[in-house]
Amino acid sequence: MADDVRRVLERVFGYAEFRGQQEEVVRHTVGGGDSLVLMPTGGGKSLCYQIPSIVRDGTGVVVSPLIALMRDQVESLQQAGVRAACLNSSLPYREVLQVESALRAGRLDLLYVAPERLLGDRTFELLSNVPLALFAIDEAHCVSQWGHDFRPEYLRLSALRERFPGVPRIALTATADEPTRREIVDRLGLRGAPIFVDGFDRPNIRYSVVPKNNPRKQFHAFLRECHPGRSGIVYRLSRKGVEDTAEWLRDAGVDALPYHAGLGKRERQANQDRFIREDDVVMVATIAFGMGIDKPDVRFVAHLDLPKSIEAYYQETGRAGRDGDPADAWMAYGLKDVVMLRHMVENSDAGDARKRLERRKLDALLGYCELTTCRRRTLLSYFGETVPERCGNCDNCLSPVETWNATEAAQKALSCVHRTGQRFGAVYVIDVLRGSEAERIRRFGHDQLSTYGIGKEIGAYEWRSVFRQLVARGLLKVDMEGYGTLSLTEASRPVLKGEVEVHMRRDLLPKRAAKPRKRAAPRPTADPSKWSDVLWEALRQRRTELAKAQGVPPYVVFHDASLREMVEQQPSTLQAFAEISGVGETKLERYGEAFIAVIRAHASPPEKAGAAATEQA
Ligand code: ADP
Ligand code: ZN
């Protein structure tokens, strides 16, 4: 058995080594044990149950909440020569019958089932009469009622234990916090089962947060500098935001598509399909989009509105760079966002306990936005991991942020809010502080206040940064009913009395801010003077053709990482081609010749081959 699992890894999936805890999990499951597996997105959860399903007798049943995800996984497995199928509500009856009969005949290694389907009498009955290798419960956090992906059908999965004693169950999730973990163990009856945890770090993702100041321009600059012509996701809070952003991106020449719950089902599906099946589509979406999108080559996730919590942020940004290539999590954030989210929490219908929880989560998120230290460290500590002081791959590590003693500015701001009667928003209060000549200030008599004009030495941009940070820290409260009216809080008093100091991050005006570095990711368009670029493009082209002909996404044929290795190694025989990571026996047979032909046609002159390999590396 010891060699069985490694042989499957190599022969079927074409990988040389297990990652992280994969091997332990695989061996434990092959041995018949239950477990809970916590791995980050892109960590390689699927292999943890796919290999045991192949190695063990009987069919492995995978409970998966999303049809798109199922389809993707089944296609990938079939490409690798694994006998996989799925049962869900989108399947025509004729195909259901085919899948059922394959299952009965013992011709399936893996069967993906939607939870509501699994719990139906018909499927239960069917599964009771065939040998089963295991149950894998994917996205196991869906069982958590407090979580953001709760699915009531998941609660009923506790029945599996009684109904199928002796069949190992493996629950998998990328959501790591302690309460969710406990809930999964409780509700799925996994008490006593080992928990396998892989580090949650996503080292290839670069985190950055920029203070909003013309977000369109900022985002466009980011796109141009870092990821021209590559796939990415842009999150917005509202449908209208999605529509607007998709439109201006299209105007700017970006292949952007909208996705939100207000679109017709058909349009949503069509947009999602294009995103998955093409190499360079940018999806602008509300959070309705993303769960169950397994596309490995998403190069960036951008937030133009704030996410709900750090958990949500980590999950959403985790959709970037599953393939391990460099990727970005980029967010623009401003005073308005803070005000809006604070308002949403305070005015929700939730009960007190829930509200307190939401307030805490929002505070953590705002704290993250305002960080002056390593962002990765804060994210990972939030999930209970201890990590080095600096990661070297977030904005704050790459260009350190200045902080300043803002105690006096904070006092002026708070006192001006007080003097103007706690009836105005930030824009107005800033005008008073800066001694604006505006008519309405005179009308209210606020040009007579002691705080009128006491903040002239600070620019309006800096004042906005000060107010944003005051609200983010709860030193000012915002009332949206009153159009963003600011008022003091309990926490403001010690600041006004000079009992505590306030230090703030110094936000640089964008033109003074450091330019983002360019990086050596695979180039989006070929530079014809470089044969390696030409080969890269030719391989991508071939991949697209092969994928299109079969109606599958390109990455199901080969990942970018495999193509890059082909450029570096230039295998010209099947034997050499088999050494490329991601090339198993089936893919070798199916695609070897086709890709070798492309490599031969674009082969570099022998004297340049060495140089080319270094250039790619
Ligand atoms: P998750 O479900 O945890 O988000 P996946 O199972 O989809 O992650 O795996 C992410 C990517 O990593 C997949 O493209 C997969 O093929 C690849 N992968 C997984 N395990 C290995 C491995 N041992 N070696 C190389 N690549 C791997
Ligand atoms: Zn860092």
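Let us look at the structure shown here. No experiment lies behind these values; they were computed from the predicted model shown.

Let's talk about the packing of helix 4 (residues 67-79) against helix 13 (residues 265-277)
- Between helix 4 and helix 13, the least distance of the axes is 13 Å, while the angle of their chain directions is 35°. Crossing hand, helix 4 versus helix 13: right-handed. Contacts between helix 4 and helix 13 involve Ala68, Arg71, Asp72 and Glu75 from the former and Gln269, Gln272, Asp273, Ile276 and Arg277 from the latter.
- A class-by-class count of the residues in the contact of helix 4 with helix 13 yields 2 nonpolar, 2 polar and 5 charged.

Here we look at a negative patch on the surface
- The grouping of Glu243, Glu247, Asp251 and Glu267 at the surface amounts to a negative patch.
- Here the negative patch gets 3 residues from one element, more than from any other, and that element is helix 12 (residues 239-251).
- Classification of glutamate 247 as partly exposed rests on a relative accessible area of 47%.

Overview of the site of ligand 1
- What surrounds ligand 1 is a group of 15 residues, the closest being Tyr15, Glu17, Gly42, Ser46 and His559.
- At 3.1 Å, a side-chain N or O of arginine 19 approaches an oxygen atom of ligand 1.
- Within the backbone of glycine 42, one N or O atom sits 2.6 Å away from an oxygen atom of ligand 1.
- Protein contacts shield 83% of the accessible area of ligand 1, which totals 560 Å² for the unbound molecule.
- If one sorts the elements of the shell around ligand 1 by residue count, helix 3 (residues 45-55) sits on top with 3 residues.
- Residue classes in the shell around ligand 1 are distributed as 4 nonpolar, 7 polar and 4 charged.

Focus on the packing of helix 15 (residues 335-346) against helix 16 (residues 352-369)
- In the contact formed by helix 15 and helix 16, the axes pass within 9 Å of each other and the chain directions differ by 165°. Considering the angle they form, helix 15 stands roughly antiparallel to helix 16. When the axes of helix 15 and helix 16 are compared, the crossing they make is right-handed. The residues of helix 16 that touch helix 15, namely those facing Val338, Leu341, Arg342, Val345 and Glu346, are Lys355, Glu358, Arg359, Leu362, Asp363, Leu365 and Leu366.
- Across the contact of helix 15 with helix 16, the residue classes tally to 6 nonpolar, no polar and 6 charged.

About the thresholds
- Residues numbered from 1 in each chain as written.
- Chains lettered and ligands numbered in written order.
- Predicted model: local features only at pLDDT ≥ 70, side-chain atom pairs only at ≥ 80, totals over all residues.
- Heavy atoms only, no water.
- Axes fitted to C-alpha atoms, helices over the stretch in contact; angles between N-to-C directions.
- Helix = DSSP H or I, 4+ residues; strand = E, 2+ residues; numbered from the N terminus.
- Left-handed = near helix turned anticlockwise from the far one by under 90°.
- Contact = heavy atoms within 4.5 Å.
- Nonpolar A, V, L, I, M, F, W, Y, C, P; charged D, E, K, R; others polar.
- Patch = residues over 30% accessible without salt bridge, like charges linked within 9 Å, V, L, I, M, F, W, Y side chains within 5 Å.
- Areas by Shrake-Rupley, 256 points an atom, 1.4 Å probe, with all protein chains shown as cover.
- Salt bridge = Lys/Arg side-chain N within 4 Å of Asp/Glu carboxyl O.
- Lys, Arg positive; Asp, Glu negative; His and termini not counted.
- Charge placed at Lys NZ, Arg CZ, Asp CG, Glu CD.
- Buried < 20%, exposed > 50% of the residue type's maximum accessible area, 1.4 Å probe, protein only.
- Near = heavy atom within 4 Å.
- Polar contact = N/O pair within 3.5 Å; in protein donor to acceptor, adjacent residues only side chain to side chain.
- Parallel < 35°, antiparallel > 145°, perpendicular 65-115°, else oblique.

All quantities given are derived from atomic positions and should not be read as evidence of function.
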